[in-house]
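So the chains spell out like this:
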Amino acid sequence: MANTLEKIISLSKRRGFIFPSSDIYGGIGGFYDFGPLGVEMKNNIKRIWWKNVVQQRKEVVGLDSSIIMNSKIWEASGHTQHFTDPLCECKKCHKRFRADHLVEKLKTPGKLDEHGTFNQEELKDIAKVIPKIKCPECGGELTPPRQFNLMFKTFIGPVEEETAKTYLRPETAQGIFVNYKNILDTQRVKVPFGIAQVGKAFRNEITPGNFIFRTREFEQMELEYFVKPGEDEKSFDYWVKERMRWYIEDLAITEEKLRIRPHRKDELAHYAKSCVDIEYKFPFGWSEIEGIANRTDFDLKQHQENSGVDLRYFDEPSAGRKQYYIPYVIEPSCGVERIMFALLCDAYQEIKGGRTETTKAAKEVEILLKLDKKLAPIKVAVLPLVKNKPELVKKAKEVFELLKPYFMCQYDEVGSIGRRYRRQDETGTVFCLTLDFESLEQNDLTIRYRDTMKQERVKIKDLIKVLKEKLEN
Ligand code: GAP
């Protein structure tokens, strides 16, 4: 399984999906860059999310708030105090670890017996367990855990003084809460309504890892859905079901590789009354791709108290009485990179012995990235059968120019046609269009389907219509 992970990482780099950041300077831990195919795929994910969450709902509006905000926001939200992870360090090799992750590992079957001394009850107290276990790298002694704040600090203006200090946002949600009143005052929204945002978030993770699963810079897609107190649990249940549906139907992720995991009370964030994770079965195990939380009226109340601005919602009078309340908030929150990673894992297939004559002959393993057509970075590749026939190359380039305004296309004339099909299959390109000698006479070409390798001839004059139908249905 670890092997699959390595293969996906290697494919991602080799084919221009994901590069380690600052590579030529030796890299920088926990940061990644997204190459030409990666950025297309991320944009597709964000577009599909926005369409479902904003465009198709009359009661949800969008927002794009700033990354750096007044530091009072982070005091009010509780992040300066509570947005921490327990950190411990090996006294010998000086490696740092998430203390809760080390303890969590002890809970996996087999591990507990190995360490012998703990029962499940004792494992709840991280501070007591850590001094009794050894560094997983060198066996050295570990320091007692201390709370480490995950927010990246920065300064506004030229002087690095306390009053100029603020943070890069660790979640996009706070930008939504502090704009809640602006939205109420300018848009015709009524509770229940939602505000959605897609944008960068930053966390100084102690142990980034598992490729793009845990990074220090990432993109979130968050919805804050404001409801009347008392209607929160019904709305929470709705969003959990709806978000699961989205992964299965809209992103076409394998249903058996998705599950819902409710949070235990001791793992709830400081603002949450309840929370469930949607998890995907990655090659390294089940892990969170989305969290859906009932944040209650915590955030708006905190901002009301700290800013002095009235954030109550004035509802329609009921039984002749005025109704003021602070809405409750249901929050589905997911990470673009984690979803992209899950999609890559889900789509990655190896066909031993190959599918084409070329690969069968060479006894090669063929890689197929079976991404849903909505998610595939490149929809269409245009390939002249050979590159040493100028009329054919010219015609293929004309087809490429014709399609470019409508679809993400690639033109490729390098290598045998078999090799070019393989390159496109590896990156999930939905259709390959091949122009052969007959194309010059007939003004047509062959459409090759990625998954079945079925081929059919289509007249160039009908191409745009045919491709639109195939890609949209
Ligand atoms: N506003 C709520 C919130 O931020 P979270 O569970 O901490 O909740 C939401 O984060 C989502 O953001 C996660 O489900 C995950 O997809 C993504 N995410 C969080 N930390 C991340 C990290 N270090 N690297 C990549 N994605 C991350």
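These figures come from a predicted structure and were not determined experimentally.

Calculation criteria
Residues numbered from 1 in each chain as written. Predicted model: local features only at pLDDT ≥ 70, side-chain atom pairs only at ≥ 80, totals over all residues. Heavy atoms only, no water. Helix = DSSP H or I, 4+ residues; strand = E, 2+ residues; numbered from the N terminus. Buried < 20%, exposed > 50% of the residue type's maximum accessible area, 1.4 Å probe, protein only. Contact = heavy atoms within 4.5 Å. Areas by Shrake-Rupley, 256 points an atom, 1.4 Å probe, with all protein chains shown as cover. Lys, Arg positive; Asp, Glu negative; His and termini not counted. Charge placed at Lys NZ, Arg CZ, Asp CG, Glu CD. Near = heavy atom within 4 Å. Polar contact = N/O pair within 3.5 Å; in protein donor to acceptor, adjacent residues only side chain to side chain. Nonpolar A, V, L, I, M, F, W, Y, C, P; charged D, E, K, R; others polar. UniProt positions renumbered as here; feature names shortened; annotations may be inferred. Axes fitted to C-alpha atoms, helices over the stretch in contact; angles between N-to-C directions. Parallel < 35°, antiparallel > 145°, perpendicular 65-115°, else oblique. Left-handed = near helix turned anticlockwise from the far one by under 90°. Expected span 1.5 Å × (residues − 1). Salt bridge = Lys/Arg side-chain N within 4 Å of Asp/Glu carboxyl O. Core = buried A, V, L, I, M, F, W, Y, C linked by side-chain atoms within 4.5 Å. Domains from an automatic or database assignment. Pairing = 2+ DSSP bridges.

Chemist: Describe in detail the overall build of the chain, supporting the description with residues and values.
Modeler: When its secondary structure is counted, the chain shows 17 helices and 23 strands. Across the 473 residues in the chain, those meeting the buried criterion constitute 49%. For the chain, restricting intrachain contacts to residue pairs at least 6 apart in sequence, the fraction spanning at least 24 positions comes to 65%. When the accessible surface of the chain is totalled, it reaches about 23,600 Å², and 50% of it is carbon and sulfur. Placing the 79 positive and 73 negative side-chain charges of the chain at their respective mean positions leaves the two points 2 Å apart.

Chemist: I'd like a rundown of the site of the ligand, residues and numbers included.
Modeler: Close to the ligand lie 21 residues, the nearest being Glu171, Arg203, Glu205, Glu222 and Glu288. Within the side chain of Glu331, one N or O atom sits 2.9 Å away from a nitrogen atom of the ligand. Look at the ligand: alone it shows 550 Å² of surface, and the protein chains cover 91% of it. Within the residue set of the shell around the ligand, elements represented by two or more residues are β10 (217-227), β13 (285-296) and β16 (328-335). In terms of residue count, the dominant contributor to the shell around the ligand is β13 (5 residues). Across the shell around the ligand, the residue classes break down as 6 nonpolar, 5 polar and 10 charged.

Chemist: Can you lay out the UniProt feature "binding site: substrate" (unreviewed entry) in the chain for me, pointing to particular residues and giving the numbers?
Modeler: Per the UniProt record, "binding site: substrate" (unreviewed entry) is annotated on Arg98, Glu171, Phe218, Glu219, Gln220, Met221, Glu222, Glu331, Pro332, Ser333, Cys334 and Gly335. Separation in sequence by 238 residues is matched in space for these annotated residues, since their most distant C-alpha atoms are 25.9 Å apart. Structurally, Gln220 can be placed in strand β10. In this structure Gln220 touches Pro170, Glu171, Thr172, Gln197, Val198, Gly199, Ala201, Arg203, Ser333, Cys334 and Gly335, once residues within four positions along its chain are discounted. Relative to the assigned elements, Pro332 resides in strand β16. When sequence neighbours within four positions are dropped, the list of residues in contact with Pro332 reads Met221, Glu222, Leu223, Trp239, Arg243, Glu290, Gly291 and Ile292.

Chemist: Please set out the packing of helix α2 (residues 36-55) against helix α10 (residues 232-250) residue by residue, giving values where relevant.
Modeler: α10 packs onto α2 with a crossing angle of 130° between their chain directions and a minimal axis gap of 12 Å. By the angle class used here, α2 and α10 are oblique. You can see that α2 and α10 cross each other, and the crossing is right-handed. Across the interface between the two elements, Ile45, Ile48, Trp49, Asn52 and Val53 of α2 pack against Glu242, Arg243, Arg245, Trp246 and Asp250 of α10.

Chemist: A description of α10 should follow, citing residues and the corresponding values.
Modeler: In a regular helix each residue adds 1.5 Å, so 19 residues correspond to 27 Å; α10 covers 25 Å between its end C-alpha atoms and thus fits that length. The complete set of buried residues in α10 reads Asp232, Ser235, Phe236, Trp239, Val240, Glu242, Arg243, Met244, Trp246, Tyr247 and Asp250. One or two residues past the end of α10 sits Ala252, with phi positive at roughly 60°.

Chemist: Lay out the pattern of salt bridges in plain terms, naming residues and giving numbers.
Modeler: Applying the stated criterion across every chain, the model contains 52 salt bridges. When the shortest N-O distance is used, the salt bridge between Arg259 and Glu279 registers 2.7 Å. Of this pair, Arg259 sits in strand β11 (residues 258-262) while Glu279 sits in strand β12 (residues 274-282); the two residues are 20 residues apart in sequence, bridging distant segments of the chain. The salt bridge partner of Arg295 is Asp299, with a shortest N-O separation of 2.9 Å.

Chemist: Outline the nonpolar core, supporting the account with residue identities and numerical values.
Modeler: Counting 79 residues, the largest nonpolar core has Tyr247, Leu403, Leu433 and Ile447 as the members making the most contacts within it. Broken down by element, the residue count for this core peaks at 9 residues, all from helix α12 (residues 336-347). When residues of this core are sorted by domain, at least three fall in each of domain 1 (2-82 + 151-345) and domain 3 (360-472). Once you skip the residues sitting within four places of it in the chain, Tyr247 turns out to touch Ala252, Ile253, Leu258, Ile278, Ile289, Glu290, Cys334 and Ile339. With 19 residues, the next largest nonpolar core counts Leu63, Tyr180, Val191 and Tyr313 among its residues.

Chemist: Go over the sheet that holds strand β23 (residues 455-459) with me, naming the residues and quoting the values.
Modeler: The 5 strands are arranged β20-β19-β21-β22-β23 in an open sheet whose pairing can be described as mixed. For this open sheet the edge positions go to β20 (409-411) and β23, each flanked by a neighbour on one side alone. Averaged over all neighbouring strand pairs, the angle between strand axes comes to 25°, with direction disregarded. When strand β19 (residues 380-384) meets strand β21 (residues 431-435), the two strands line up parallel, connected through 5 bridges. Residue pairing in the sheet places Ala381 in a bridge with Cys432 of β21. Lying over the sheet, helix α14 (residues 390-403) contacts β19, β20, β21 and β22 (444-449), oriented at roughly 165° with respect to β19.

Chemist: Which residues make up the pairing of strand β9 (residues 193-202), and what values do they have?
Modeler: Within β9, 9 of the 10 residues are buried, which leaves the element mostly enclosed by the surrounding structure. Where strand β3 (residues 60-63) meets β9, 4 bridges bridge the pair, whose relative direction is parallel. Pairing of Leu63 across the sheet is with Gln197, part of β9. Note that β9 and β10 share 10 bridges and pair antiparallel. Residue pairing in the sheet places Ala201 in a bridge with Phe218 of β10.

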